[in-house]
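The residues making up each chain are set out below.
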Amino acid sequence: MAVALNGMKISQAYLEGKPVKETKALMAELCRHFYTLGWVSGTGGSITIKVHDDSIPKSHQIILTAPSGVQKERMEPEDMYVLFQDGSVLSDPSPKPYPHKPPKCSDCSPLFMKAYEMRDAGAVYHSHGIESCLVTMINPLSKEFRITHMEMIKGIKGHGYYDELVVPIIENTAYEYELTDSFAKAIEAYPKTSAVLVRNHGVFVWGDSWISAKTQSECYHYLFDAAIKLHQMGLDWSTPDHGPIHGARRGLSLAGESNLSVKARKTDGEIDPFPRCVVLDIEGTTTPISFVSEVLFPYARDNVGRHLSATYDTPDTKNDIKLLRSQVRFLWSCNVKIQSDLEQGIAGAVPVPQDDAGKEEVIAAIVANVDAMIKADRKITALKELQGHIWKTGYENNELEGIVFDDVPEALEKWHALGIKVYIYSSGSRLAQRLIFGKTNYGDLRKYLSGFFDTTVGNKKETPSYVNISESLGVDKPSDILFVTDVYQEATAAKAAGLEVIISIRPGNGPLPENHEFKTIKSFSEI
């Protein structure tokens, strides 16, 4: 017997086969484990996992979901529902005798389907853990949970220690299925999130696989618990140094103001609003162009071969080679093939052989392509990732030191004291950005920075990139963000996205068009 959906047949033998059986057993085991953590007590919470099968595209893999209203710690593999990708039931469990309730598919199923559909998830967990409930109650008006500079942030996909983690909060309803629309809107509005909090209720967390979802769920609960305890201690978990809530602003906040609207008085008694966030370019803004063009780029170019040879078998280098090989020969974007460097006839592009051609041949081809890319000053992710890893070695060996203008450290410290979050947006990789600010001529400045953006959010001269940043930061309106850059096209793109913009005039920067109408500064002290 076989059933079909969209032309795909699923046999009874497959439903009784090893992949499905193992996933059902795994779900029962996870539910017991989550019960011991307090995530699914009182029949609350739920869990769903796609049956991984290499022979079936992920978009067509069947979904297993735990039933609703049952004791999760007592569930058996045969209690799981089997669903098609669209959420329709393919197989349901048999009823159990009294006092068990008749089986019912999870009330969370419509929300699970949204995570599968909108984020290509491999597993979704819904927890009623007390920390995920209480953390939404600290500020009943907040639409977001924010935390930064905590080690466990590194366990959340796409985030590092210095990044600010932002989780949207949606309002609870009487029935979980009624959350579907607001849940989907939160996923759309926060493209970087892998979780959605429900006020006074719990949290939904998803990942590429059951392991990723489990790891991230544990990290989220840890961070929620940490925020609650820091709050009890009078500390602000959303600031880099977790300093006292009132002390972080050093008395500059006005009575009755919220953290979302920091202001300071002018001498005549007027009130000027500060930006909620500052986003800074690096080259020509915080750092001389000459440092990038005369120090970093030559160092990367001159050390490509040495670096690849020394690190050839490491995961980072293997991934760098894979990215560069794709850039040169098989370039894809959003699952659509676009012209690669060879197809476009890019000057200096040469084929990168497969690994079986031998280490030396692969390295020689990579060196040739990288040299051509650097000479053309190309802003592509494949190149930036490799450069970042080369520079990392240079900083670790004390062969490199980041350079910032003299006015930068003081400005960063001032903004930090005012509670203004500062981020970096550069065409260099996030790793390269951290390296520059982690070891500068003024020491480690990363304690003043809340996060880093690179070209994975988009090209710096395109407006959607700044829209993505605004959505990621979760500001009330884009004008809450001040963007500082030395490039007119970047300023124009950011302004079109609604950001406030200032152009930096530094020694060595390029000329600006006449009548450009942007405010300009020669020092951060003017901001």
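For every chain, the first residue of its written sequence is number 1, and the numbers climb from 1 along that sequence. Per-residue local features are limited, in this predicted model, to residues with pLDDT of at least 70; the limit for side-chain atom pairs, both in listing and counting, is 80 or more; totals at the level of whole chains, interfaces and linings are taken over all residues. Excluding hydrogens and water, the side-chain values take into account all heavy atoms of the structure.

1. Things to note about the UniProt feature "binding site: substrate 2" (unreviewed entry) in the protein chain
UniProt positions are given in the numbering used here, feature names are shortened, and annotations may be inferred rather than shown by experiment. Feature annotation in UniProt places "binding site: substrate 2" (unreviewed entry) on Ser426, Ser427 and Lys460, given in this structure's numbering. These residues run over 35 residues, yet every pair of their C-alpha atoms falls within 7.7 Å of each other. By the secondary structure assignment, Ser427 is in the loop between β17 (421-425) and α13 (430-438). Judged by its relative accessible area of 12%, Ser427 falls in the buried class. Only heavy atoms matter for contacts: two residues are in contact if any of them lie within 4.5 Å across the pair. If we ignore the near neighbours within four places in the chain, the residues touching Ser427 are Lys379, Lys384, Thr455 and Lys460. By the criteria applied, helices consist of DSSP H or I runs no shorter than four residues and strands consist of E runs no shorter than two, each listed in order from the N terminus. Mapped onto the secondary structure, Lys460 falls in the loop between β18 (451-453) and α14 (463-473). Filtering out sequence-adjacent residues up to four positions away, Lys460 remains in contact with Asp281, Tyr425, Ser426, Ser427, Ser465, Tyr466, Glu490 and Ala493. A polar atom in the side chain of Lys460 sits 2.6 Å from the side chain of Asp281. Each residue is assigned to one of three classes by its accessible area relative to the maximum for its type, calculated with a 1.4 Å probe on protein chains only: buried under 20%, partly exposed between the two thresholds, exposed over 50%. Whenever a nitrogen or oxygen atom comes within 3.5 Å of another N or O atom, the pair is scored as a polar contact, on the condition that within protein one atom can donate a hydrogen and the other can accept it, and that pairs from neighbouring residues in sequence are kept only if both atoms are in side chains.

2. Points about the pairing of strand β14 (residues 277-280)
Residues Cys277 and Val279 point to one face of β14 and Val278 and Leu280 to the other, with burial holding for every one of them. If DSSP finds at least two bridges between two strands, the strands pair. Strand direction decides the pairing type here: β14 and β17, joined by 4 bridges, are parallel. Counterpart to Val279 in the pairing with β17 is Tyr423. Here 4 bridges tie β14 to strand β19 (residues 481-485), and the two strands are oriented parallel to one another. If you follow Val278 over to β19, its bridge partner there is Leu482.

3. Section: the sheet that holds strand β9 (residues 164-170)
Across the sheet, 9 strands lie side by side as β6-β5-β4-β3-β7-β11-β10-β9-β8; this open sheet has mixed pairing. The open sheet has two edge strands, β6 (89-91) and β8 (144-148), and neither has a second partner. Each neighbouring strand pair of the sheet contributes to a mean axis angle of 25°, computed without reference to strand direction. Taken together, the 4 bridges between strand β3 (residues 46-50) and strand β7 (residues 123-127) define a ladder with antiparallel strand orientation. Note on geometry: axes are C-alpha line fits, over the in-contact stretch for helices, and angles between N-to-C directions span 0 to 180 degrees.

4. A look at empty space enclosed by the protein
Both site types are read off a 1 Å grid over the protein atoms alone. A 1.4 Å probe that fits but cannot get out defines a cavity, while an open set with protein on both sides within 12 Å along at least five of seven lines defines a pocket; lining residues have an atom within 4 Å of a point. Grid points are joined across faces, edges and corners, and a volume is the space filled by probe spheres set on the points. For the coordinates displayed, the defined rule picks out 3 cavities of 30 Å³ or more. There is about 130 Å³ of room inside the largest cavity. What lines the largest cavity is a set of 13 residues, among which His159, Glu164, Val166, Lys192 and Ser472 lie closest to the centre. Residue assignment for the lining of the largest cavity shows that the elements contributing at least two residues are β9, β18 and α14. Take the lining of the largest cavity: its biggest share by element is 3 residues, from β18. Classifying every residue of the lining of the largest cavity by side-chain character gives 6 nonpolar, 4 polar and 3 charged. When residue character is reported, Ala, Val, Leu, Ile, Met, Phe, Trp, Tyr, Cys and Pro are called nonpolar, Asp, Glu, Lys and Arg charged, and the others, Gly included, polar.

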